[in-house]
Amino acid sequence: MAMSTTTTTTTTMPATTRMRSGKAQQMQTQQWTPTAATAKSFAATSTPRLPLQQRSRLSHTAMASSSSSPSSSAAATAAAAEDDATAADTAASSSSSPSSSTAPSEPDTLYGYFPSTLPDGPPPRGHFPIDTALLRREFLRLQAAHHPDKHPPGAPKTRAEASSAAINHAYRTLANPLLRAQYLLALRGVDVAADEALRADDQPALLAAVMDAHEAIEEAAGPHDLEPLRHENDARVADSERVLEEAFRRDDVDAAKREAVRLRYWVNIRDSIHNWEDGRPVVLQH
């Protein structure tokens, strides 16, 4: 029996080819880790190079975005808004809080307490007659602003009390034509109220008018009986104010003193009529 023989042919690779194949298999089985130099070289060759001007713009944009991130920008905006709100609240509270108001500085004359009603000050620049209705409205506004109860204890309340007292004194003095005339004469060194020589003893017509008024007030049965005397006396007061207006405008102190004496009687009659009560004795001061 004949036997077949199979011949196996083995091809032998050159040495150089076998070495390259071995290295390739080793690289496939091992993890390749690039070095820093290799990475830098790879980045330089794989990333396109931008022009210099464009690179500069990108650099500035990156710096701006890194220095003001969305969170830091929002925080800065919120802080600024909070500061503005705090400043607004402080301004509002300082303007509306009674304790923040300061007492006005003491003016040179009592007229200075009422700049709205008496902007020109005392005579001779200003006028002697005063619109007492306007004066009272300004007085009430000032009293409301400087009322001690609207200020906290301590220095603010003390200043408010001093201001309120000064405003009260100024109003009482200027609202009364006699006290106003005496005050203006006192500014010129004349004390009409205390000067006994300034009396109506040398004015018989004035003394007769005062006695007639005294009798009319005593004989009145009711307020309606005093109405004619009231109108007559109001006209006398108004006439004295006009005389004093001219005297102070000319700075005629002697004429102002004489008329202030007459006005003292007319004001006394006016007060007696105003305070009249049935059975109450009438006292006219000389």
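Note that residues are indexed from 1 along each chain, following the sequence as it is written. With the structure being a predicted model, the display of local features is reserved for residues of pLDDT at least 70 and the display and counting of side-chain atom pairs for 80 or more, all residues being used for whole-chain, interface and lining totals. With hydrogens and water set aside, each side-chain value is computed from the structure's full complement of heavy atoms.

- As annotated in an unreviewed UniProt entry, the protein carries the name Fe-S protein assembly co-chaperone HscB and is attributed to Purpureocillium lavendulum.
- UniProt positions are given in the numbering used here, feature names are shortened, and annotations may be inferred rather than shown by experiment. Its UniProt record gives the protein the following Sequence similarities (unreviewed entry) comment, quoted word for word: "Belongs to the HscB family."

Description of the packing of helix H7 (residues 177-187) against helix H9 (residues 227-250)
Okay, step 1: Contact geometry for H7 and H9: axes closest at 11 Å, N-to-C directions at 15°. Overall, the two elements H7 and H9 adopt an arrangement that is roughly parallel. Here H7 runs over H9; the crossing is left-handed. Of the residues in H9, those in contact with Pro-177, Arg-180, Ala-181, Leu-184 and Leu-185 of H7 are Val-237, Glu-241, Leu-244 and Phe-248. For helices, the axis comes from a line fit to the C-alpha atoms of the stretch in contact; other axes are also lines fit to C-alpha atoms, and the angle between any two N-to-C directions lies between 0 and 180 degrees. Numbering of helices and strands starts at the N terminus; helices are DSSP runs of H or I of at least 4 residues and strands are runs of E of at least 2. Comment on the angle field: the value is read as roughly parallel under 35 degrees, roughly antiparallel over 145, roughly perpendicular from 65 to 115, and oblique elsewhere. For any pair of crossing helices, the crossing counts as left-handed if the nearer helix is rotated counterclockwise from the farther one by less than a right angle, and right-handed if it is rotated clockwise. In what follows, residue pairs with any heavy atoms lying within 4.5 Å of each other are defined as contacts.

Concerning helix H6 (residues 155-175)
Okay, step 1: To estimate the expected span of a helix, subtract one from its residue number and multiply by 1.5 Å. Between the first and last C-alpha of H6 there are 30 Å, a value that for 21 residues agrees with the 30 Å anticipated at 1.5 Å per step.
Okay, step 2: Note on exposure labels: buried denotes an accessible area under 20% of the residue type's maximum, exposed denotes more than 50%, and partly exposed covers the range between, all computed with a 1.4 Å probe on protein chains only. Turning to H6, its buried residues are Pro-156, Ala-160, Ser-163, Ser-164, Ile-167, Ala-170, Tyr-171, Thr-173 and Leu-174.
Okay, step 3: Turning to H6, the residues buried within the fold contact helix H5 (132-145) and H7.

Some thoughts on the nonpolar core
Okay, step 1: By nonpolar core is meant a set of buried Ala, Val, Leu, Ile, Met, Phe, Trp, Tyr and Cys residues that side-chain atoms within 4.5 Å join together. By size, the foremost hydrophobic cluster in this structure holds 43 residues, and its most contacted members are Phe-114, Leu-174 and Trp-266.
Okay, step 2: Among the secondary structure elements, those contributing two or more residues to this core are H5, H6, H7, helix H8 (204-219), H9 and helix H10 (253-274).
Okay, step 3: A per-element tally of this core places H10 first, with ten residues.
Okay, step 4: If we skip the residues at most four places from it in the chain, Trp-266 touches Leu-206, Ala-209, Val-210, Asn-233, Arg-236, Val-237 and Ser-240.

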